[in-house]
Every structure is written in structure tokens, then in C-alpha cells.
Amino acid sequence: MGSGAASFAASAPATLRECAAQKNLLVGTAGSSKQLTDPNVADLISKQANILVAENAMKWQHIHPSQDRFDFTGGDSLLRFASEHRQAVRGHNLCWHNQLPVWFQERATSSNAADLLRSHIAAVAGRYAGRIQSWDVVNEAVRVEDGRPDGLRNSIWLRLLGPQYLEIAFRAAFEADPHALLTYNDYDLEQDSPLHARKRRSVLQLLTSLRERDIPIHALGLQSHLKAGATIPDWSNLLRFLEQVEKLKLQIFITELDVDDSKLPAPAAQRDRVVGALYEDYLKHVLKRDSVKAILTWGISDAGTWLNSFNPRKDSLPQRPLPFDGELQPKPAFFAMRSAILQCRSRHADQLKAVSTFLRRS
Ligand code: XIL
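Reference entry: report on the structure contained in this document. Each chain carries its own residue numbering, running from 1 in the direction its sequence is written. A pLDDT threshold of at least 70 governs which residues receive local features in this predicted model, and a stricter bar of 80 or more applies before side-chain atom pairs are shown or counted, although totals over entire chains, interfaces and linings include all residues. Remark: hydrogens and water are excluded; side-chain values derive from all non-hydrogen atoms of the structure.

## Focus on the packing of aromatic side chains
The test is simple: Classification of ring pairs rests on two measures: the distance between centres of Phe, Tyr or Trp rings, Trp counted by its six-membered ring, which must be within 6.5 Å, and the angle between planes, read as stacked under 30 degrees, edge-to-face over 60 and tilted in between. Buried, partly exposed and exposed residues are distinguished by accessible area as a fraction of the type maximum, computed with a 1.4 Å probe on protein chains only: under 20%, between the cut-offs, and over 50%, respectively.
Scanning the model with the defined rule gives 12 aromatic pairs in all. Aromatic side chains Trp-103 and Phe-104 sit 5.9 Å apart centroid to centroid with 75° between the ring planes, which places their arrangement in the edge-to-face category. Just as Trp-103 is buried, Phe-104 falls in that class too. For the pair Trp-306 and Phe-310, a centre-to-centre distance of 4.3 Å together with 25° between the ring planes defines the contact as stacked. Note on Phe-310: relative accessible area 56%, which makes it exposed.

As C-alpha cells, then:
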């Protein structure tokens, strides 16, 4: 690992935020209102992160609970927190097949879905216009298992509107917030399996087609929900994919990094070591690409990780996927992030300059 707990105490800069600032990188986490109002977690997040994203608060279900009502409480408080602590904000997300409100599922039809999508995006991206570093405009539109030649997921959006829903969403987001970097965000793109390889091909095809049609899109989000196993994956196919994405003039953000430890044996120290090694190897490889500008983990501490409900361990022990443990103490994954950041090439200063520009606006 190179850097252990002792050097954490002794060395400065110590926090991820300080290390990232040296490299003009964005580093941060997803957060919930509960976490941001817990003084200890809030303190940790303010010290470690220069960018935040709402884990749930900006999703349709939460921000648009009935057809004629928006609830911006959670989104507003995240933005307030970020502005108090001089942090950038990612918006997540404007168009997804999950966490849609019941009213939408009951009332959306092929004839009204485009208007519902446009007006939702105008309201939500419009409210936060100028204060969002990047928006996940469309989330998880590809699912090769669904068997379509274009790889698109057979989602409610596709069924209602066909593939044009992506264009509608990106154009509406650009109109509502021309300052935000517009992102396509997806999972299962990172590792070295036939499924991930097929998905990379479909995503590349999708991104190419969006760019060819001059649809406003600026970045790809690699969710990076990694799975720890017996070996460290070979990243060469991922790196080749990132080069292809760069040729499309897209930036790359690591948007939801965590490591599922459900296949690892029980002892915590052993899991933490393997999880930390995967963080380090993954980040060292992806950070070789200068187009990778941001790293966000899906939560800061193991307490409350979504993985305990999404993919619980067979032995019922809580998963340990994140850089800090439930007592908010740094784990090998934290040291791995720090070391990978400190070893990467510095990004162009414009990156953080752009962030301060919209911080001034917020
Ligand atoms: C998850 C949240 O973490 C959970 O709290 C929620 O119940 C379900 O969604 N990909 C995404 C995220 O893009 O929005 C998901 O977040 C995790 C997978």
C-alpha cells in the first residue's frame, strides 16, 4: 500500500481534498441529508471532499413526488452544505428507469412522456442552473442482456419513446443549464469480463451516435461499483475503451466508486486489505488517463452503504466497501485513494478554476 496509518498521522497534506487540490482533481462522495446533518460525518465530508452528489435527493421519486409538486428540500440542503464548504456539486440524475414516482408509472404514455421528461428537466436542472458542475442526464440506458442490437435497455423510457428519449433528455438539460457538463452514467463498464466488454462496446456505440448527431454531451460517468474477488482484474481493455471515449472529446468521471466485498471471507482486516488493493490498482490505472477528472465514492463511510440492502453478505456481516469505517476511521481504501491521487499527473488548472467560477455563482 506504500502509506500506512502512521504516515497518515505524520504527513501533510493528509486529506483527500488537499491531495486532490494539488492535482486539480475533483474528489468527493455521495451524501444524504441524514449524513450531512450528523456533525461528525459532516465534518469528515467537509474535510475530505471538494465535490458532492446527492445519493437519492435529486432522483425523480424524491424531487418530483406528485405530478404537480416538486420537493427541493433535499437538493437545496445539499447545495447549501456544498456552498458553505466551497464544494462543487454533481446532479444525479435526470432520466433513469429506477426510482420513478408511482404517479409517473401510472400516468406516463407514449404521447405525454416526452413532455413530462422535458418539463421535469426544465424544472430540476433549471432550479440549480449555474450551480452544478455536472449532471448525470441519463443513467443506465444500456443493458446488453436485453438483447437489442443497439444494446439499449428495455426501460420504461425506451418503451414509451424509443431511443430518441436520450436526445430529448440531453437537449432539455442543455437548455436548462448550459453551464453543467452533461454526463452519460453507467455501471459494469470497468472489469475484465465478457459482459463488461460487451457493455463497453454498446456504450461506445451510443456515445458515438450522440456525438455524431451533435447532441450536447460532455462526459462519461463510470459508476465503478467494483467487486472484490480472488484476483485483481486486468484493466487493459478498460484503458483502451477510455482512449476511444476520449477520441469523442468526452471527459471521464468516476462517479459511484465502492467495492462489494460479499465474495470475501469474514475477517474485517482481510477484507479491508483486499478492498484497499482493488481501490489502489483501479485508481492508479484510470488516473493515467488525463481525461479522468473526478473521483466520487458512493458514500464516505461503511455505515449506511447501499450494498447491505442491494447485495447483502451471506454471513450477514455488514459490507466494508468505502474509504472510512463505521467509526469514521480511515481504512486501506482511504490510503489507496490518497496514494493514487498523489501519484497521478496534475490535471489542467482550468478544471478547478471552472469550479470556483460556479461556486461564486452559488
Ligand atoms: C442507490 C442508493 O444508494 C440507494 O439508497 C437507493 O435505495 C437505490 O439507489 N446506481 C446509481 C445510484 O446510479 O443512483 C444507485 O443508488 C446505486 C446504483
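## Overview of helix H13 (residues 268-286)
For clarity, the cut-off: Put simply, DSSP H or I for four residues or longer makes a helix, DSSP E for two residues or longer makes a strand, and each gets a number counted from the N terminus. How far a helix is expected to stretch is found by multiplying one less than its residue total by 1.5 Å. In this analysis, two residues are considered to be in contact whenever any of their non-hydrogen atoms come within 4.5 Å of each other.
With 19 residues, H13 extends 27 Å from end C-alpha to end C-alpha; this agrees with the ideal 27 Å at 1.5 Å per step. Among the residues making up H13, those that are buried are Arg-271, Asp-272, Val-275, Gly-276, Leu-278, Tyr-279, Glu-280, Tyr-282, Leu-283 and Val-286. The secondary structure elements touched by the buried residues of H13 are strand E6 (219-222), strand E7 (225-227), helix H12 (236-247), strand E8 (251-260), strand E9 (292-297) and helix H15 (332-343).

## Examining the site of the ligand
Definition in use: For each residue, the test is whether any non-hydrogen atom lies within 4 Å of the molecule or strand; if one does, the residue is near. Any pair of nitrogen or oxygen atoms within 3.5 Å is treated as a polar contact; in protein, a donor-acceptor pairing is required on top of that, and neighbouring residues in sequence qualify only through side-chain atoms on both sides. Computed with the Shrake-Rupley method and a 1.4 Å probe, the accessible areas treat only the protein chains shown as cover for residues. Amino acids are sorted into nonpolar (Ala, Val, Leu, Ile, Met, Phe, Trp, Tyr, Cys and Pro), charged (Asp, Glu, Lys and Arg) and polar (every other residue, Gly among them).
For the ligand, the set of nearby residues contains 13 residues, the closest of which are Glu-55, Lys-59, His-92, Glu-256 and Trp-298. One of the side-chain nitrogen or oxygen atoms of Glu-140 is found 3.2 Å away from a nitrogen atom of the ligand. Trp-298 places a side-chain nitrogen or oxygen 2.9 Å from an oxygen atom of the ligand. Starting from 410 Å² of accessible surface for the ligand in isolation, the protein chains cover 78%. Residues of the shell around the ligand, tallied by class, amount to 3 nonpolar, 6 polar and 4 charged.

## Some thoughts on the nonpolar core
Note the cut-off: In these notes, a set of buried Ala, Val, Leu, Ile, Met, Phe, Trp, Tyr and Cys residues joined through side-chain atoms within 4.5 Å is what counts as a nonpolar core.
By size, the foremost hydrophobic cluster in this structure holds 107 residues, and its most contacted members are Trp-135 and Tyr-184. Looking at this core, the element that brings in the most residues is helix H10 (residues 164-176), giving 8 residues. Core analysis: the second largest hydrophobic core is formed by 10 residues, Ala-30, Val-53, Ala-88 and Trp-298 among them.

## Some remarks on the packing of helix H8 (residues 113-127) against H10
Keep this limit in mind: In this analysis an axis means a line fitted to C-alpha atoms, helices contributing only their contacting stretch, and an angle means the value between N-to-C directions, from 0 to 180 degrees. Convention used here: angles under 35 degrees read as roughly parallel, angles over 145 as roughly antiparallel, angles from 65 to 115 as roughly perpendicular, and any remaining angle as oblique. Crossings are sorted by hand: turned counterclockwise from the far helix by less than a right angle, the near helix makes the crossing left-handed, and turned clockwise it makes it right-handed.
Where H8 meets H10, the axes come as close as 9 Å, and the angle between the chain directions of the two elements is 30°. Overall, the two elements H8 and H10 adopt an arrangement that is roughly parallel. Remark: the crossing between H8 and H10 carries right-handed chirality. Between H8 and H10, the contacting residues are Ala-114, Leu-117, Arg-118, Ile-121, Ala-122, Ala-125 and Gly-126 on the first element and Tyr-165, Ile-168, Ala-169, Ala-172, Ala-173 and Ala-176 on the second. Residues of the contact of H8 with H10, tallied by class, amount to 11 nonpolar, 1 polar and 1 charged.

## Quick word on H15
Given a rise of 1.5 Å per residue, 12 residues ought to cover 16 Å, and the 16 Å separating the end C-alpha atoms of H15 matches this to within 8%. Among the 12 residues that make up H15, 9 are buried, leaving the element largely enclosed by the rest of the structure. Here H15 has its buried residues at Ala-333, Phe-334, Phe-335, Ala-336, Met-337, Arg-338, Ser-339, Ala-340 and Ile-341.

## Topic: the pattern of salt bridges
Our working rule: Salt bridge, as used here, is a side-chain nitrogen of Lys or Arg placed within 4 Å of a carboxyl oxygen of Asp or Glu.
Going through the model one piece at a time under the given rule, you end up with 20 salt bridges. Between Arg-127 and Asp-76 there is a salt bridge whose closest N-O contact spans 2.6 Å. Residue Arg-127 is located in helix H8, and its partner Asp-76 is located in helix H6 (residues 73-84); the two are separated by 51 residues in the primary sequence. Measuring nitrogen to oxygen at the nearest pair gives 3.7 Å for the salt bridge that ties Glu-243 to Arg-289. Placement of Glu-243 in helix H12 and of Arg-289 in the loop between H13 and E9 is noted, with a sequence separation of 46 residues between them. For Glu-243, a relative accessible area of 33% translates into the label partly exposed. A network of salt bridges, in which partner residues are shared, links Asp-261, Arg-271, Arg-313 and Asp-315.

Everything listed here is a matter of coordinates, which is why it stays silent on function.
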